[in-house]
Amino acid sequence: MYLYTFSYKWQSINILYLSDSSTQTPQPTNRSLDKMTKENNDDNKDNDPSSGYFLGFDLSTQQLKCLVVDQQLQLVHSEVVDFDRDLPEYHTHKGVYFNDDGSIEAPVAMWCDALDHLFAGLANQNVFSLNRVLGISGSCQQHGSVYWSKDGEEALRNLDAQQTLLTQLAPKAFSRSVAPNWQDHSTGNECKLFESSCGGPQGLAAITGSRAHYRFTGPQICKVAHREPEVYANTANITLVSNFLASLLCGYIAPLEEADACGMNLYDIVNRDYDAGLLQNIDPDVESIKRKLKGSPTPADSAGPLSCVSSYYVRRYGLNPQCQVFPFTGDNLATICSLPLKKNDVLVSLGTSTTILIVTDQYHPSPNYHLFIHPTIPGLYMGMICYCNGSLARENVRDLLSADHSWDPFNKALLDSSVDNHDEIGVYFPLSEIVPSVRSCTKRAKFTKSENDINLEPVEQFSDIKHDVKNIVESQALSCRVRISPLLSDNCAAASNNSSTGYTVKFDYDTFPISEYHKRPRRAFFVGGASRNDAIVRTFAQVIGATEGNYKLETPNSCALGGCYKALWSYMYSSGFTKLSFDLFLNEHFDWQHDAEFICDSETESWEYYNTKIQALSALEATLE
Ligand code: ADP
Ligand code: XUL
């Protein structure tokens, strides 16, 4: 084991990396056992949050990570187990198995093993005492499913602190040794079944917030039930990855968490219960599958704990017996908990692909995106829009201007006011796109507007590559703007000069009056690789048009951090230390100066300009297949 210290924006953090030699069974040290005996008796200050710590886990595809914060949201420690590097005996590649039949799965035993390794690291640091941890929460990769055997819960309830989770659970607690991973695409037939059982993609999206997706848990469980009937028959419980990890910590099989359950294609978001018809796609015996899923999920917006941490961790690592475990959620849902986001705030992730997360009070489902119940704020939802084409498409245009892959000529063109593209529109999809759902293509057009009509004239090329620079960034941002519009509250600030309301525009499954697209988000937060590029961020900011500013964030650990904040707020709220809702509580403690960089306000826009461009984009998208 070796110690690596790096400087983080808050303070320096020690990360204990595990070398190969430390991948054997982790043992509690004398120090942690001594600490435990001494400190467990010293419980006068046990519940005082000002001297307490809060853990946020993140079980992602490639790592198990844990961040530790104090009551002031200050990060005090971080611990990581990287699956490929630290647990090579499982022979995963980037945390998963790419099987010969095309399926993608992860070994459940490895996750159990990783949890002991992680706690061994936590018990061996000197920064804080595990005995002072008051609350634990976290997030996990979404959609994966863990299949527990009939002996699973008993094994979990009777964990012996002298032995590892691996030795006690792996041989008998699971009916399936591997969990499907979100990258898996092997459930085409099951997806068809799910959509046809409720009137197609729109019907399924209306009930569950999403159309059928290969990775979603309902089709994945359906695949196991139909193609591995013996495994299914031997399965007593099925958990998502989020309540799997919570279960390991609680020492019993914890119920699903409702926000993460929205990623299953099984949960009726409006009625807040599983949909019996959809469950029947998996198992005609609805009560049986409900039992396997442990009944109803815990309401996402309730702050209550699942239970105290299992005595296994108290005895083995010195956790406080009163430490509470709160429901874990999905990683994207935890990301919005890493910031004090309010209704109509939007997070724009400009990574390899572009992803939008939006906090909304509008349940307006579409087959082209996802809606989840908000993990901490009652009455709100999280919208998630995933595009395939983002940075890679921009890189293609960049490389036409610069042989050495420099962004400088690209940025210069983007900000060059002499490049006039007011009558041009383009879509640049080197990969097939999800939103809109079309095959890979690049199309350019010039357009003219007469009355309320747009006349497109397709062109092979624009007069200069510089026009492609402006058009690619503008059309990517416009696409975000029009897709978030239906998720913004009706009373959202409309653009100035809101005069042209006489015609409708179609995007995907929606046809709205143009005024629908006048709505603007409250604040926009930019993250991901391309958020380093000021020219790109400023262009996105102008098109998306947030009314209360645009910010840039460094978010190396946002899911785990969201887990810490969820643990802290849940503890404070359920123990009566605060009455504030999650967002208000976080806002009170959040260090805006330090943790978010203000970029710009969105200028008062020339509405006619975007009005016409939105119409032109709609017309161009209508020509795509
Ligand atoms: P991922 O989404 O895979 O986690 P990142 O968030 O790190 O990855 O984003 C990677 C992308 O960021 C790259 O494809 C690259 O094009 C883009 N990127 C990185 N730096 C810049 C920059 N200065 N300007 C524009 N794009 C950038
Ligand atoms: C979301 C999804 C991924 C995983 C990654 O729908 O599949 O973002 O949650 O861990």
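K.L.:
Residue-level account of the pairing of strand S17 (residues 346-350), with values.
P.N.:
Both faces of the sheet carry side chains from a regular strand, because those side chains alternate between them. Counting buried positions over the five residues of S17 gives four, a clear majority of the element. Bridge count between S17 and strand S18 (residues 354-360): five bridges; the pairing is antiparallel. Paired with Ser349 across the two strands is Thr355, which belongs to S18. The antiparallel pairing of S17 with S18 creates a hairpin that spans three residues between the two strands. Note that S17 and strand S26 (residues 524-527) share four bridges and pair parallel. Residue Ser349 lies in a different strand from S26, and its bridge partner there is Val527.

K.L.:
Any chance you could break down the site of ligand 2 for me, citing the residues and the numbers?
P.N.:
Near ligand 2, the surroundings consist of Gln141, Gln142, His143, Trp182, Arg215, Asp331, Asn332 and Met384. His143 has a polar side-chain atom sitting 2.6 Å from an oxygen atom of ligand 2. Interatomic distance of 2.8 Å between a side-chain N/O atom of Arg215 and an oxygen atom of ligand 2. Considered class by class, the residues forming the shell around ligand 2 number two nonpolar, four polar and two charged.

K.L.:
Can you break down the pattern of salt bridges residue by residue, with the values?
P.N.:
Inspection of the entire model under this criterion finds 25 salt bridges. For the salt bridge of Glu190 with Arg227, the shortest nitrogen-to-oxygen distance reads 2.9 Å. You can see Glu190 sitting in helix H6 (residues 188-196) and its partner Arg227 sitting in helix H8 (residues 217-227), a full 37 residues away along the chain. A residue is classified by how much of its surface remains accessible, and Arg227, at 44% relative accessible area, is partly exposed. Between Asp508 and Arg483 there is a salt bridge whose closest N-O contact spans 2.8 Å. Linking Asp508 in the loop between strand S24 (504-507) and strand S25 (510-513) with Arg483 in helix H18 (residues 465-484), this pair joins segments that are 25 residues apart in sequence. Judged by its relative accessible area of 2%, Arg483 falls in the buried class. Among the charged side chains, a salt-bridge network with shared partners connects Asp345, Arg522, Arg523 and Glu548.

K.L.:
Describe the packing of aromatic side chains, with residues and values.
P.N.:
Scanning the entire structure with this criterion turns up 26 aromatic pairs. With centroids separated by 5.0 Å and ring planes inclined at 35 degrees, the aromatic side chains of Trp569 and Tyr573 adopt a geometry described as tilted. Separated by four residues within a single helix, Trp569 and Tyr573 lie in helix H20 (residues 558-574), roughly one turn from each other. By relative accessible area, which is 38% here, Tyr573 ends up partly exposed. Among the aromatic side chains, those forming a connected cluster through ring pairs are Phe57, Phe119, Tyr312, Tyr313, Tyr317 and Phe328. Between Arg176 and the ring centre of Tyr147, over which it is positioned, the NZ or CZ distance is 5.8 Å. Above the face of the Tyr232 ring, Lys292 is positioned so that its terminal group lies 4.4 Å from the ring centre.

K.L.:
Give a detailed account of the site of ligand 1, specifying residues and quantitative values.
P.N.:
Near ligand 1 you find Gly351, Thr352, Ser391, Glu395, Trp407, Gly528, Gly529, Ala530, Arg532, Asn533 and Ile536, and these make up its full shell. Glu395 places a polar side-chain atom, nitrogen or oxygen, 2.3 Å from an oxygen atom of ligand 1. Here a nitrogen atom of ligand 1 and a side-chain polar atom of Trp407 are 3.4 Å apart. Here ligand 1, which alone exposes 580 Å², has 62% of that area covered by the protein. Here the shell around ligand 1 is built from residues that sort into three nonpolar, six polar and two charged.

K.L.:
Outline the nonpolar core, supporting the account with residue identities and numerical values.
P.N.:
Judged by nonpolar contacts, the single largest core of 135 residues is most densely connected at Ile221, Met264, Ile282, Phe540 and Ile614. Residues Leu165, Ala173, Ile253 and Val325 belong to the second largest nonpolar core, which totals 62 residues.

K.L.:
Give me the sheet that holds S17: which residues, what numbers.
P.N.:
Read across the sheet, seven strands follow the order S19-S20-S18-S17-S26-S27-S28 without closing on themselves; strand pairing throughout is mixed. Taken across any chain shown, the strands that pair with only one partner, and hence form the sheet edges, are strand S19 (370-373) and strand S28 (597-600). The average angle at which neighbouring strand axes cross in this sheet is 25 degrees, direction not considered. Summarising the sheet, S19 and strand S20 (residues 381-386) pair through four bridges and their orientation is antiparallel. Note that in S20 the partner of His370 across the bridge is Met384. Contacting S18 and S20, H18 runs over the sheet at an angle of about 30 degrees to S18.

K.L.:
Tell me what's going on with the pairing of strand S9 (residues 145-148), and back it up with residues and numbers.
P.N.:
Neither face of S9 is exposed, since Ser145 and Tyr147 on one face and Val146 and Trp148 on the opposite face are all buried. In this sheet, strand S11 (residues 237-240) lies alongside S9 in antiparallel orientation, the contact comprising four bridges. The partner of Val146 across the bridge, within S11, is Thr239.

K.L.:
Outline the side chain of Glu153, listing residues and values.
P.N.:
Within the element layout of this structure, Glu153 appears in helix H4 (residues 152-157). Exposure remark for Glu153: the relative accessible area of 16% places this residue in the buried category. Ignoring anything within four residues of it in the chain, the contact list for Glu153 reads Asn237, Tyr252, Ile253 and Lys294.

K.L.:
Outline the side chain of Ser531, supporting the account with residue identities and numerical values.
P.N.:
Mapped onto the fold, Ser531 is located in the loop between S26 and helix H19 (534-544). There is a polar contact of 2.6 Å between the side chain of Ser531 and the backbone oxygen of Gly528.

What counts, and at which threshold
- Residues numbered from 1 in each chain as written.
- Chains lettered and ligands numbered in written order.
- Predicted model: local features only at pLDDT ≥ 70, side-chain atom pairs only at ≥ 80, totals over all residues.
- Heavy atoms only, no water.
- Buried < 20%, exposed > 50% of the residue type's maximum accessible area, 1.4 Å probe, protein only.
- Helix = DSSP H or I, 4+ residues; strand = E, 2+ residues; numbered from the N terminus.
- Pairing = 2+ DSSP bridges.
- Near = heavy atom within 4 Å.
- Polar contact = N/O pair within 3.5 Å; in protein donor to acceptor, adjacent residues only side chain to side chain.
- Nonpolar A, V, L, I, M, F, W, Y, C, P; charged D, E, K, R; others polar.
- Salt bridge = Lys/Arg side-chain N within 4 Å of Asp/Glu carboxyl O.
- Phe/Tyr/Trp six-rings, centres within 6.5 Å; stacked < 30°, edge-to-face > 60°.
- Lys NZ or Arg CZ within 6 Å of the ring centre and 35° of its normal.
- Areas by Shrake-Rupley, 256 points an atom, 1.4 Å probe, with all protein chains shown as cover.
- Core = buried A, V, L, I, M, F, W, Y, C linked by side-chain atoms within 4.5 Å.
- Axes fitted to C-alpha atoms, helices over the stretch in contact; angles between N-to-C directions.
- Contact = heavy atoms within 4.5 Å.

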